[in-house]
Structure formats: structure tokens, C-alpha cells
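# Notes for the structure review
The primary structure of each chain is shown beneath.
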Amino acid sequence: MIPLLFFVSCQASTAFSQPMTYPQTARQEVTDDYHGRKVDDPYRWLEDVESDETAAWVKSQNELTQSYLANLPSREPMRKKLEELWDYERTGLPVHRGERYFFTHNDGLQNQSVVYTVPDSTSADNLAAERKVLIDPNTLSEDGTMSLGSWHPSEDGSLIAYSIADGGSDWRTWRVRDVESGKDTVDQVEWSKFSGIAWTPDGKGFYYARYAEPQAGAELTGTNENQMLYLHRLGTPQSEDQLVFERPDEPQWGFSPTVTEDGRYLVIEVWKGTQPKKQVFIQDLTVPSGAITPLIAGFDADYHLIGSIESTLYFLTDHEAPKRKLIAVTYDSQADQTDAAPVDRSTWKTIVPESEDLLEDISLLGQSFYASYLSDALSKVQRWSLSGDLLGDLELPGKGSVGGLGGRQDATETFFTFSNYVTPPSLHRVDVASGKSQLWLRPEVPFDVDAYRTEQIFCVSKDGTRIPVLVTRHRDSQNDGSNRTLLYAYGGFNISLTPAYSPAVAAWLDAGGVYAVANLRGGGEYGSEWHEAGTRLQKQNVFDDFIAAAEHLIDTGVTSKARLAIRGGSNGGLLVGAVMTQRPDLFAACLPAVGVMDMLRYHKFTIGWAWANEFGSSDEEDQIDNLLSYSPLHNLKPSTCYPATLITTADRDDRVVPGHSFKFAAALQDAQSQATGCENPTLIRIETRAGHGAGTPTSKKIDEYADLWAFLIENLGSDSTVPSR
């Protein structure tokens, strides 16, 4: 057998007194032909994350990384500071069902938040005294790696369906708990992924989506296709569940079920990959064995059900409205429509029209719609009547992000959270009829929020596009180029980055850092056109936007090249990998997390095929040159001095499989080792019993951020500032 490990020396930073020795990958003879383009893939063996050889490589890399991090003088003080900042009570949005509130709460350092229930007459002041533990995921595993996915109370509040994730995987196991007794029923549903549930009108079952059970050994890497929609009846085994809807002729379709609040319709939103376009199918549940028929066909736009009144269904859509609008669609059960038939839009009615701001979400509450907008990535909320008249704005506590405003259509109250980078999420109660709000609950944090400020600035990208950047810093910091600055972004999949409080960011600020977030094309901050301008053949726009934001921070004196770091996760990890290979001179340190690093093979694992709408695929000849132009793995150049880099991934990530990061780390270390006089460390930190990020225990988060921030402090300038304030 060819040995898979050899070692090569390279100078490292001052954390090591001797030259660092990297465990590196032996190059193997693997070459692929992509439409006539021959591409070597010498580290292909690292894609087999279950092999003994890969396990040995992971072990040696983690040992090197941990030995480096253990020598950083700021690591332990930073960990203590993070633990202090994380230790505050956090309460989730209340959900009202029956005569109860359901909500999550974390006392501070609990690995997982606990689901509680209280009578709906309970005031905010009495939550702690009246609450009753309903689901405590901390009891499921000693290390906190068994986490709660999502949870859905039944309409009368007597039952709650909840999902469990094991070790960070996207796979979910659904269980049902009796609220009064606090005990689980016999119900258990497995192999569900990318699915919520919808209770039946009688509360005796629920709809859910699942995949076929994967082959042994392929649970975390096998392709996820042919999702199926099932009905589970309480008290029966999963083997007896009723198959409700499947489309084996369309293996890339997925299904999201909703039962309208009056119990009249099952509405199935059909998605295809990650493209923000859907079809909608409907079943009349009042008709025995009623057929499931298309309501909106064609995948021409995004459609999301907001609610219904009798046979009128309300959808949030970007059809002929890039910044979205609310429409009313009347269901005609006699209409003869097929998947391929043209959609009859003659009866559609616009209720809330498109505006200059992005209509991010909307709720039907009482006799009005509560519409949440993004204006330059900052929230605002308006109330609209059922007939489409503007009733006024909801008063907000300041500039930041609003979440919530959900509930049943007959609700008399609703709740929202408000947060920004220096304001922890406070809970506010709203009287639905009047639109009047009041503070309901505010957490106390061990952080002087008044000492910091956030300002929104704008830079200009390569093609003249205006890019917003939110910069948070200490009020006394100066634009003298001396600030350690972390620039974060995502730029993809129609996802909007809005201000939110984080103990990790608070620790970075407390250590004297500046935190900047750029809203790049590819995201959803300005609607579908903004998103599409950063996809497929236009993906380079995203990287240009990020580079422009970095250059603007340097040009205005916020920071300097020697003090600037960049970070991003998943698609943001791709972003960091791409720009550090395009502009290695621009940054002092890089933190790519769970990134998509091999743009030629990403679609061959788990749900990766679904991203072709975003990136394009190497199966498409017209996309291959573009993918090769920015694929991080394929743009590393030998003898180039890259910035100090700490790659992070996890062994159970079945969203972006860790082979991406493994191969990139191997290639980066090889390229860096050939750069004469380059002392920048290039390391990989591989978390165990963790996945893509969701459900990560608090203790693991604290450990990871202590490592990340200590790494940056070591590599952004010569001094060794540690947290003091």
C-alpha cells in the first residue's frame, strides 16, 4: 500500500519556537476529464471519511493544530471571557397552543436549550416560577451532542412532535410527547431530513417528509434524492405510515407540508434543490380520498403559504416582484390542471404590493397582515388590512433585526424579538388588534453594550454596485489602521445577513476587535435580482464585493492588511477560500468554516446536487471554466505565501462533507510549504461528534471560538492583547 502520510517542514508563527512540521498527504495518481479539461485530484482518498487512513490523517492534523493553539497566550483568557459572556439567560419566542405557551430557555451555559410550557395566563415575571420542563435534550447524551431539531405542538396543545439530531447530522428522528404527563408515546419516525411536520386536523397524526433508509456506511455521504411525503398515524409503527405523495420521475423534488388552520386543505410546497422557486400542490381534506392536484405549477417563482380564509389562500411571492408581494389565490377544486399546464393567474389578486424594501416575511393575524421588511439589511414592520390598506408601522426599539410575529390567525397577541450586534434579543408582546407593543422580557448580559456602536457604511464593488457593510466597534476606536478587524460575509442562496447579538462577537469586541459584516450579492437582502446577480456564471461578483469591502476598510483606516481577517461558513467558507486564493496579499488571516472547497465534485455527496442552481455543475460544459476559475482547491498555487489560515470542519457534517476541507487543507499546506520564508501557519481544526453547525453544544462553541479568536490575535499584528475589559 502506498503510504498516505509524509511530513514536510515549514516555518510557523511565534506560537512555535521550532519550525512547524505539517502532516501532509501523499499525492496519488487521480485525473478526471471534464469536457476535455484534464484535472488532477491527488487527494481524492480523503473523501473517504470513514477509512482508517483518513482517520490517521485527521488525528495527526488535530494533534498539530491543538499543540499550536495550546501555546497561544490569549487562548485560555479568551475561553474564560467567552464562558463569562455566554452565561446569561436566553428565552425563545413563545408559541401559543390551547391554553399554554411553549418556549425554549437556556440558563446560560447549558449545552442545549430546554423546551418549557406554562399556562397562557403566566406573565413574563413569573415564567421561571411557573414553567414546567417538557423536553430537556441535555439528558440525551453526556457530551451534549444529541440536540433538539424542531418542535411542533398540536393545535390543542396536548401533544408535541419533536425531532432529535445525533452528533450534528442533518438526519432527524421524530418523536411525540404527551404534554400533561411529560412522557413520550410509542411513536418514532426515522430517516427524515429537510422536513418539518404538519399535524392532521384531528391531531391524531402528522405529515412529514423522508428519504429511503441509506445503505450502511453511506449515512453521512450518500446522495439524498427521491424525498417522499408520508402520513404517520399516532400509535402505529412507521412501517404502516401512508405514502401521501412521491414523484420518482422527479428525484430532485422535495416536499414541505402545511395543513391550513381551518383543517380544510393540505398544501404541499414543492422545492427543487436550493433554487428559490416552487410549485404548490393541494388536497381538499374535507373530501374522502381527495386527489392531490397542482395549484401553482411551473417553478416560475417562489411561493410560500401565509394563511387561508375559506377557499382563498395567501402566498408571499416574488412572481413579477423581485422584492416580493402578497397575493390571494382562489382554489377551484373543479379546475383541471397538470404539472405542465399554464397557470391561470387571471384571478390572482395583489394584497400587499411590492415596494422599494424587501418584503422578508408576513403573517396573517386577526384581521390584519404583519409584514416584515428589510431596508438596507435593517428591519421594519408594517400592518396591512385584509383588503390591502396600509394601517401603519410597528414601533421598534431601534435599528436592528426583528424575528417572530407569528401565531394562529385567531391570535389576539403575538411576540417578536429585537436584536443587533450590541443588543441581546429582547422579547416584545404585541396587541394584534391595535398594533401596540411593549417590552415583555429583556436578558441581562455581562457586557457593556453602551461602550460599542454599529454604523452602516457603503463601498463600491468592481462593477460599480453599492455594497452595504455594518461595522461594530468600541466607541473610542480610531481610524488609524491599527484595529484588529474581522470581516464576515456569506453571499449566497438568497440568505440575508441581518444584525444579531452573539456572545462570540461580544468577546471579539471586548478584546479590542472590530467586527464588520458585508451584505454581498448572492444573498437575499435586496430580493431575487440581488441573489441572482451572485449565482452561477455571475458568482465572481460575490468575491469582488467581498474584496471591495476589505479594501474599503483598509482605505478608510478602519484597519490595515496586517490587521484584517476574514471569516465565513459553508457557502461563506467557499467565499473565504476563493478570495484568499485570488488575493492572498489582502488579508493577514483567514477562517474558512465547513466550506464548499471542491467546486468540481460537490454535487456528488448528500444534498450537494441541490446547489447546482446556485453554482452550476461540472456536469454542465458551459459551467466548467467558471467553476475552475474560483474553486478554492483548484486555485492554490505552489510557492505562494497564503495568509495564516485555520480551517474548521466536523467529522459528522453531512451537509458539506468534511472531505472538502480535508482536501483543501492538504493542498494548502503543500503549497505553503514551498513558499520560501513564509511563516504563516495553515492548520485545520476537525471537531468530533459535530456537524454543519446546528445543534452544536455550548461547550463546543466556546472551545471553538476560543481557538478562533486566539488564532486571530496571534496572527493579526505583533502584540498579544488578551481580553481585559
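Residues numbered from 1 in each chain as written. Predicted model: local features only at pLDDT ≥ 70, side-chain atom pairs only at ≥ 80, totals over all residues. Heavy atoms only, no water.

### Some points on the sheet that holds strand S15 (residues 205-210)
Strand order across the open sheet formed by four strands is S14-S15-S16-S17, with antiparallel pairing between neighbours. At either margin of the open sheet sits one strand with a lone partner, and together these are strand S14 (197-199) and strand S17 (242-245). Ignoring which end each strand starts from, the neighbouring axes of this sheet average 30 degrees apart. Of the pairings in the sheet, the one linking S15 to strand S16 (residues 228-233) comprises six bridges and is antiparallel in character. Within S16, the position partnered with tyrosine 207 by the bridge is leucine 231. (Pairing = 2+ DSSP bridges. Helix = DSSP H or I, 4+ residues; strand = E, 2+ residues; numbered from the N terminus. Axes fitted to C-alpha atoms, helices over the stretch in contact; angles between N-to-C directions.)

### Considerations on the packing of helix H1 (residues 52-70) against helix H11 (residues 698-715)
It is at 10 Å that the axes of H1 and H11 come closest, and there the two elements cross at 65 degrees. Crossing hand, H1 versus H11: left-handed. The segment H1 lies against H11, with Gln66, Tyr68 and Leu69 engaging Asp707, Phe711, Glu714 and Asn715. Here the contact of H1 with H11 is built from residues that sort into three nonpolar, two polar and two charged. (Left-handed = near helix turned anticlockwise from the far one by under 90°. Contact = heavy atoms within 4.5 Å. Nonpolar A, V, L, I, M, F, W, Y, C, P; charged D, E, K, R; others polar.)

### Describing the packing of helix H2 (residues 75-86) against H11
Running from N to C, H2 and H11 point in directions that differ by 135 degrees, and their axes come no closer than 8 Å. Compared by their axis directions, H2 and H11 come out oblique. Crossing of H2 against H11: the hand is right-handed. Residues Arg75, Met78, Arg79, Leu82, Glu83 and Trp86 of H2 lie in contact with H11, whose contacting residues are Thr698, Ser699, Lys701, Ile702, Asp703, Tyr705, Ala706, Asp707, Trp709, Ala710 and Ile713. Tallied by class, the residues present in the contact of H2 with H11 amount to nine nonpolar, two polar and six charged. (Parallel < 35°, antiparallel > 145°, perpendicular 65-115°, else oblique.)

### Brief notes about the pairing of strand S26 (residues 358-365)
Taking burial as the measure, the eight residues of S26 include six buried ones, the bulk of the element. A loop of two residues connects S26 with strand S27 (residues 368-375), the two strands running antiparallel in sequence, and glycine 366 in this loop sits at a positive phi of about 60 degrees. (Buried < 20%, exposed > 50% of the residue type's maximum accessible area, 1.4 Å probe, protein only.)

### Observations regarding the packing of aromatic side chains
Throughout the structure, instances matching the rule amount to 30 aromatic pairs. Taken together, a centroid distance of 6.3 Å and an interplanar angle of 85 degrees make the contact between tryptophan 171 and tyrosine 211 edge-to-face. Of this pair, tryptophan 171 sits in the loop between strand S11 (159-166) and strand S12 (172-178) while tyrosine 211 is found in the loop between S15 and S16, placing the two residues 40 residues apart along the sequence. Its relative accessible area of 3% is what places tyrosine 211 among the buried residues. Geometrically, the ring pair formed by tryptophan 508 and tryptophan 709 is tilted, given 5.5 Å between the ring centres and 50 degrees between the ring planes. Of the two residues, tryptophan 508 is situated in helix H4 (residues 503-510) and tryptophan 709 in helix H11; the sequence distance between them amounts to 201 residues. On the basis of relative accessible area, tryptophan 508 is assigned to the buried category, the value being 1%. For tryptophan 709, a relative accessible area of 2% translates into the label buried. An aromatic cluster of three or more residues is present, and its members are Phe245, Trp253, Phe255, Phe281 and Phe299. (Phe/Tyr/Trp six-rings, centres within 6.5 Å; stacked < 30°, edge-to-face > 60°.)

### Brief notes about the state of the cysteines
Tallied over the entire structure, the rule returns one disulfide. The partner cysteine of cysteine 641 in its disulfide is cysteine 678, sulfur to sulfur 2.1 Å. One disulfide, between cysteine 641 and cysteine 678, carries an S-S torsion of 70 degrees and so falls in the right-handed class. Taken together, the residues span a long stretch of sequence, with cysteine 641 in the loop between helix H9 (624-630) and strand S40 (644-650) and cysteine 678 in the loop between helix H10 (659-673) and strand S41 (682-687) at a distance of 37 residues. The thiol of cysteine 459 is unpaired, and the distance to the nearest cysteine sulfur, on cysteine 590, comes to 18 Å. The thiol sulfur of cysteine 590 is not disulfide-bonded, and the nearest other cysteine sulfur, from cysteine 641, lies at 11 Å. (Disulfide = S-S within 2.5 Å.)

What is shown is where atoms sit, not what they do.
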